[in-house]
Amino acid sequence: MIQSSFFLYLLLIILEKFISLIIKSTFLNGLLVEKIYIQQPYGFLIPGKENKVCLLKKALYGLKQAPRIWYERMDNHLIQLGFNRSQTETTLYYLL
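Computed from a predicted structure; not experimentally measured. (Residues numbered from 1 in each chain as written. Predicted model: local features only at pLDDT ≥ 70, side-chain atom pairs only at ≥ 80, totals over all residues. Heavy atoms only, no water.)

**Quick word on the nonpolar core**
With seven residues, the main nonpolar core is built from Leu32, Ile36, Leu56, Ala59, Leu63, Ala66 and Ile69. For Leu63, the residues in contact, after removing those within four places along its chain, are Leu32, Ile36 and Leu56. (Core = buried A, V, L, I, M, F, W, Y, C linked by side-chain atoms within 4.5 Å. Buried < 20%, exposed > 50% of the residue type's maximum accessible area, 1.4 Å probe, protein only. Contact = heavy atoms within 4.5 Å.)

Written as structure tokens, this is what we have:
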């Protein structure tokens, strides 16, 4: 008979992978406010239009603005839910 600690260990491994996936994909859902253009990615160059650029519609993982955009979206959502932002630590929220 397999002990319950084995199932607990297995569950922790699965949760760790799932949470890791959520964290890695978080920045991919950021909606851009300003217009950001990038060069065409290598391997996706359009022949005859190599000097054209691409307009981003959503934030990319390595984009410098991605953490700020994600934080602003989360901040607005938490405030709408009734949370208060700490005056001393701006990334700390509390509910009265």
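What follows continues from the structure just given.
**What about a nonpolar patch on the surface?**
Judged by side-chain polarity, Phe6, Phe7, Leu10 and Ile14 come together as a nonpolar surface patch covering roughly 390 Å² of accessible area. Of note, Phe6 is situated in helix H1 (residues 4-25). Among the residues examined, Phe6 registers a relative accessible area of 42% and is labelled partly exposed. (Patch = residues over 30% accessible without salt bridge, like charges linked within 9 Å, V, L, I, M, F, W, Y side chains within 5 Å. Areas by Shrake-Rupley, 256 points an atom, 1.4 Å probe, with all protein chains shown as cover. Salt bridge = Lys/Arg side-chain N within 4 Å of Asp/Glu carboxyl O. Helix = DSSP H or I, 4+ residues; strand = E, 2+ residues; numbered from the N terminus.)

**Brief notes about the side chain of Asp75**
As for its position among the elements, Asp75 is in helix H2 (residues 66-80). Owing to a relative accessible area of 9%, Asp75 belongs among the buried residues under this scheme. Excluding residues within four positions of it along the chain, Asp75 makes contact with Arg85 and Tyr93.

**What to know about the environment of Leu55**
Its place among the elements puts Leu55 in strand S2 (residues 53-55). Placed 18 residues apart in sequence, Leu55 and Tyr37 show a C-alpha to C-alpha distance of 4.6 Å. Excluding its chain neighbours within four sequence positions, the residues that come into contact with Leu55 are Lys35, Ile36 and Tyr37.

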